[in-house]
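What the coordinates show
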Amino acid sequence: MKSYLPLAVVMVLAGMGTAQASDDCRRPMAEWQSRDAVTAHVTGLGITPERLRIDDGCYEVRGRDGDGNRVSLTVDPATLSVLALEVRFAEGADPSRYLPDARGRAGKPATPR
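Looking at the overall build of the protein
- Helices and strands together make up the secondary structure of the protein, namely 2 helices and 4 strands.
- Moving toward the C terminus, one meets the helices and strands of the protein in the order α-α-β-β-β-β.
- Among the 113 residues that make up the protein, the fraction classed as buried is 22%.
- Of the contacts formed within the protein by residues at least 6 apart in sequence, a portion of 31% connects residues at least 24 apart.
- Of the roughly 8,100 Å² of accessible surface on the protein, 56% is carried by carbon and sulfur atoms.

Looking at the state of the cysteines
- Within the structure shown, the criterion is met by 1 disulfide.
- Between the sulfur of Cys25 and that of Cys58 lies a disulfide, 1.8 Å long from S to S. Between Cys25 and Cys58, the disulfide has an S-S torsion of 100° and is therefore right-handed. Of this pair, Cys25 sits in the loop between α1 (5–21) and α2 (35–44) while Cys58 is found in strand β2 (residues 58–65), placing the two residues 33 residues apart along the sequence.
- On the accessibility criterion, Cys25 (12% relative accessible area) is buried.
- According to the relative accessible area criterion, Cys58 is buried, its value standing at 1%.

Considering the pairing of strand β1 (residues 47–55)
- One ladder, built from 8 bridges, connects β1 with β2; its direction is antiparallel. Bridge pairing links Asp55 to Cys58 in β2.

Points about the side chain of Asp65
- Summarising the element assignment, Asp65 is placed in strand β2.
- A residue is classified by how much of its surface remains accessible, and Asp65, at 5% relative accessible area, is buried.
- Residues within four places of Asp65 in sequence aside, it is in contact with Gly46, Ile47, Val71, Arg97 and Tyr98.

As for the nonpolar core
- In terms of nonpolar packing, the biggest core is built from 12 residues, these being Trp32, Val38, Val42, Ile47, Leu52, Tyr59, Val61, Val71, Leu73, Val75, Leu80 and Val87.
- Residue assignment for this core shows that the elements contributing at least two residues are α2, β1, β2 and β3 (70–75).
- Considering each element in turn, this core owes the most residues, 3 residues, to β3.
- Val61 has contacts with Val38, Val42, Pro49, Arg51, Leu52, Val71, Ser72, Leu73 and Val75, leaving out every residue within four places of it along the chain.

Definitions and cut-offs
- Within each chain, residues carry numbers counting from 1 in the order of the written sequence.
- Local features in a predicted model are, by the rule used here, given only for residues with pLDDT of at least 70; side-chain atom pairs are given and counted only at 80 or more, and totals for whole chains, interfaces and linings are based on all residues.
- Excluded from the side-chain calculations are hydrogens and water; all other atoms, namely the structure's heavy atoms, are used.
- Numbering of helices and strands runs from the N terminus, with a helix taken as a DSSP run of H or I at least four residues long and a strand as a DSSP run of E at least two residues long.
- In this scheme, a residue with accessible area under 20% of its type's maximum is buried, one over 50% is exposed, and one in between is partly exposed, where area comes from a 1.4 Å probe on protein chains only.
- Should any heavy atoms of two residues lie within 4.5 Å, those residues are considered in contact.
- Note that accessible areas follow from Shrake-Rupley with a 1.4 Å probe, and for residues the cover is restricted to the protein chains shown.
- Criterion for a disulfide: a pair of cysteine sulfur atoms within 2.5 Å.
- DSSP bridges decide pairing: two strands pair if at least two such bridges lie between them.
- We call a set of buried Ala, Val, Leu, Ile, Met, Phe, Trp, Tyr and Cys residues a nonpolar core when their side-chain atoms join them within 4.5 Å.

Shown next as structure tokens:
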């Protein structure tokens, strides 16, 4: 039974790598838009970029929105479409900018419907 343990571990790790690979952007570099284009696009969304990097073939942008909330975006390098968005709301922030159905006011939590 012990001889199968290393094989099982390798199979599980290989499966995990396959599942994570689907999170990658798979675009040829010839299709990529420039870093300046990404910065302009994110700024147009109302986010002030503070950091721009490439990870797993995607642009990853960190910055702040107009309310001071920390924002992280994963952006497709060819289309500049937002693939993932993470917002860390400041205390008392209004989430309605990101969640149109949320009607919270600054300092008061949004109430679910």
